[in-house]
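# Inside the fold
Okay, here's what each chain looks like letter by letter:
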Amino acid sequence: MAVYAFIFPGQGSQSVGMGAELAAAFPSARAVFEEVDDALGEKLSQTIFEGPMEALTSTENAQPALMAVSMAVLRVLEEQGGLDLAGKVTLLAGHSLGEYAALAAGRAFGVADAARLLRTRGLAMQKAVPAGEGGMAALIGATLAQTQEICEKAGKGGVLEIANDNGGGQIVISGTMAAIDNAITLAKEMKIKRAVKLPVSAPFHCSLMRPAEDVMAEALAKADIAAPIIPVITNVTADKVSDPDAIRQALTKQVTGRVRWRESVEAMTGVGVDTFIEIGAGKVLSGLVRRIDPEVSTSSVGTPAEIETLLKSF
């Protein structure tokens, strides 16, 4: 019998029109988008469904938007599909902002609170570093040790840190722009398969985000957080969390901390998870999971047809 984990995507999975088919087909999905719109005091759903892409990709929009799509999918699974989440799913996890969706799925907080927290997070992350002063790069085919060496050498006089250990030979670094440029040059000299700058507006998940971490510490201290009905694997520890104060601490540290996605997947497979279901937009996490462990089963669920297929498999 399959052992399930539901996983929730992060920034980079957004696309104009995501969730529109769901909203058209299911009142429960529409209700999620309306709840997010009301929480933010604007029609974010219009940007999600119609674009423009530039507006949707803006960090303060992309973060609550991706959470909204994930929660719309989940709401349909539960309300139309009769899914008993706690009875069927062993663990929840999300990549970066996806951790908020995982916690909302586990009832640690509601959709409206998640939307407001993610809007605060997105704005704070964008403001933490002036535009053009920081960036991120993906190293493909580099080991963790090689990446650490690159960070130490290329980051002298600046900031350069491992932001995401995504697994499957994909590691993302983050820091000052000069250090990123140095790292790409050094990676080529070290014969790393590929080193490429990412099209992001700020250096996420590194110590340059400290001002945003302070903002989130304050926001999370005020947030009403409950123990989730299913344990959530956090990015910063790659371990289960259920205690509300531990959740606050994990989400605060996540702003500057490394996204330990490879370790998170290994933690889940280590306790028997063999089937990963990506809930929301895109298929990025499913691909990463397969590269980390080719033996597990993965699927992505973001459309009415994909929901129907998943429900038949349960």
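Right, let's get into the side chain of Ser45. Here Ser45 shows up in helix α3 (residues 44-50). Under the relative-accessibility criterion, Ser45 is labelled buried at 8%. Discounting chain neighbours no more than four positions away, the residues touching Ser45 are Phe33 and Asp37.

This model, assessed by the stated rule, comprises three aromatic pairs. A centroid spacing of 4.9 Å and a plane angle of 85 degrees characterise the contact between Tyr4 and Phe314, whose relative ring orientation is edge-to-face. With Tyr4 in strand β1 (residues 4-8) and Phe314 in the segment after α15 (304-313), this residue pair connects regions lying 310 residues apart in the sequence. Residue class for Tyr4 comes out buried when judged on its relative accessible area of 9%. Assessed through its relative accessible area of 27%, Phe314 is described here as partly exposed.

The description of two helices packed together rests on the angle between their axes and the distance between the axes. The geometry of helix α2 (residues 27-40) relative to helix α8 (residues 111-128) is characterised by a closest axis approach of 9 Å and an angle of 50 degrees between their N-to-C directions. When the interaxial angle is binned, α2 and α8 end up oblique. Crossing handedness for the pair α2 and α8: right-handed. Of the residues in α8, those touching α2 at Val32, Glu35, Val36, Ala39 and Leu40 are Val111, Ala112, Ala115, Arg116 and Arg119. Its residues assigned to classes, the contact of α2 with α8 shows seven nonpolar, no polar and three charged.

Quick look at helix α9 (residues 144-154) now. Taken together, the buried positions of α9 are Thr147, Ile150, Cys151 and Ala154. One side of α9 holds all its buried residues, which, seen down the axis, span an arc of 100 degrees. Along α9, the residues that are exposed and aim more than 90 degrees away from the buried face are Ala145 and Glu152. In this fold, the buried residues of α9 make contact with β3 (134-140), β4 (160-167), β5 (170-176) and α10 (177-189).

Once that is clear, we can look at the nonpolar core. For soluble globular proteins, the rule of thumb is that nonpolar side chains tend to be buried together. If you look at the biggest cluster of nonpolar residues, it comprises 74 residues, and the most contacted ones within it are Phe6, Met67, Leu92, Phe109, Met209 and Ile279. Leaving out residues up to four positions away in the same chain, Ile279 has contacts with Phe6, Ile7, Phe8, Pro9, Ser70, Val73, Leu74, Leu77 and Val301. Counting residues in hydrophobic clusters, the runner-up holds 18 residues, among them Ile162, Ile173, Leu186 and Ala195.

Once that is clear, we can look at the pattern of salt bridges. Evaluated as defined, the whole model comprises 14 salt bridges. Taking the shortest distance from any N to any O, the salt bridge between Arg107 and Glu78 comes out at 2.9 Å. In this pair, Arg107 is assigned in the loop between α7 (98-105) and α8 and Glu78 in helix α5 (residues 59-79), connecting sequence segments 29 residues apart. Salt-bridge contacts for Arg260 lead to Glu263; the nearest nitrogen and oxygen are separated by 3.1 Å. In the salt-bridge network here, residues are joined through shared partners; they are Asp165, Arg262 and Glu266.

Scoring rules and cut-offs
Residues numbered from 1 in each chain as written. Predicted model: local features only at pLDDT ≥ 70, side-chain atom pairs only at ≥ 80, totals over all residues. Heavy atoms only, no water. Helix = DSSP H or I, 4+ residues; strand = E, 2+ residues; numbered from the N terminus. Buried < 20%, exposed > 50% of the residue type's maximum accessible area, 1.4 Å probe, protein only. Contact = heavy atoms within 4.5 Å. Phe/Tyr/Trp six-rings, centres within 6.5 Å; stacked < 30°, edge-to-face > 60°. Axes fitted to C-alpha atoms, helices over the stretch in contact; angles between N-to-C directions. Parallel < 35°, antiparallel > 145°, perpendicular 65-115°, else oblique. Left-handed = near helix turned anticlockwise from the far one by under 90°. Nonpolar A, V, L, I, M, F, W, Y, C, P; charged D, E, K, R; others polar. Arc of directions from axis to C-beta. Core = buried A, V, L, I, M, F, W, Y, C linked by side-chain atoms within 4.5 Å. Salt bridge = Lys/Arg side-chain N within 4 Å of Asp/Glu carboxyl O.

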